[in-house]
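Residue-level structure breakdown
Each chain is listed here by its residues.
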Amino acid sequence: MKRFNWLLIGSVILILDMVLLVGCGVSQSDYEALQADYDELDANYEAVEAELAEIKEVYPPKDFPSLTALNDWLLENDVSEKPATTYADDWYGRALEVQEDALRDGYIVSADYDYDPAEEIYVVWCITIINGRVFFWDPETDEVFEDSLIGTVK
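Since this is a predicted model, take the numbers as computed values, not measurements.

Next up on the list: the pattern of salt bridges. For the coordinates displayed, the defined rule picks out seven salt bridges. Between E97 and K82 there is a salt bridge, with the nearest N and O atoms lying 2.4 Å from each other. Separated by 15 residues along the polypeptide, E97 in helix α4 (residues 88–104) and K82 in the loop between α3 (67–76) and α4 bring together distant segments of the chain. R104 is the salt-bridge partner of D101, the closest N and O atoms lying 3.1 Å from each other. Here D101 and its partner R104 are both found in helix α4, three residues apart, which amounts to about one turn of the helix. Here D101 falls in the buried class, since its relative accessible area comes to 18%. A single network of salt bridges, built from pairs that share partners, joins K82, R94, E97 and E140.

Listed below in structure tokens is the structure:
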């Protein structure tokens, strides 16, 4: 019986060795090609993961946490440093630039304009909400005002 056990154990070891030597039927070149594909996919995954982390920093966009944060952001934003515009459509375009820049940084800013037909005057504003209050400014000057006529909006 001992002899049979040794024979059985020896046969199992021999079969395992043969399986390991033969491998799983994949040639070395196929294995290397698959490994290269894996490495490329892994690199792509890491790049996408980094991009997603950047998006999560600014999405979903939010209100400015304070007037100081808004003023600091406006100091960094260069739209108001451009030469003054002559026409309302260019002025509104500046407000849209501020809006786009804010969104890219994860903040909500709206662009608005008013037209007074009696005076034939346009006025362009950027608007944001801070602690539920409405704040507005001319995108060419960055001087921020609180709208005291409207109460807390959110």
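There is more to say, and it comes next.
Time to look at the side chain of E140. With respect to the helices and strands, E140 occurs in the loop between β3 (133–137) and β4 (144–146). Polar side-chain contacts of E140 include one of 2.7 Å to the side chain of T85. If sequence neighbours within four positions are ignored, E140 has contacts with S80, P83, A84, T85, W91 and R94.

Generally speaking, nonpolar side chains in soluble globular proteins are found buried as a group. Judged by nonpolar contacts, the single largest core of 17 residues is most densely connected at F64, L70, W73, V98, V109, C126 and W137. Among all residues touching L70, those that are not within four sequence positions of it are F64, T128, I130, W137 and V144.

So, on to unusual backbone geometry. Of note, N131 is a non-glycine position whose phi angle comes to about 50°, a positive value. For N131, the position within the fold is in the loop between β2 (121–130) and β3. Accessibility expressed as a relative area gives 63% for N131, which makes it exposed.

Let's shift gears to the packing of aromatic side chains. Summed over the entire model, instances satisfying the criterion amount to seven aromatic pairs. Ring plane angle 85° and centroid distance 4.9 Å describe the contact between W125 and F136, whose orientation is recorded as edge-to-face. Of the two residues, W125 is situated in strand β2 and F136 in strand β3; the sequence distance between them amounts to eleven residues. Judged by its relative accessible area of 21%, W125 is partly exposed. An aromatic cluster is defined as three or more aromatic residues linked by ring pairs; in this entry it consists of Y92, Y113, Y115 and Y122.

Cut-offs applied
Residues numbered from 1 in each chain as written. Predicted model: local features only at pLDDT ≥ 70, side-chain atom pairs only at ≥ 80, totals over all residues. Heavy atoms only, no water. Salt bridge = Lys/Arg side-chain N within 4 Å of Asp/Glu carboxyl O. Helix = DSSP H or I, 4+ residues; strand = E, 2+ residues; numbered from the N terminus. Buried < 20%, exposed > 50% of the residue type's maximum accessible area, 1.4 Å probe, protein only. Polar contact = N/O pair within 3.5 Å; in protein donor to acceptor, adjacent residues only side chain to side chain. Contact = heavy atoms within 4.5 Å. Core = buried A, V, L, I, M, F, W, Y, C linked by side-chain atoms within 4.5 Å. Phe/Tyr/Trp six-rings, centres within 6.5 Å; stacked < 30°, edge-to-face > 60°.

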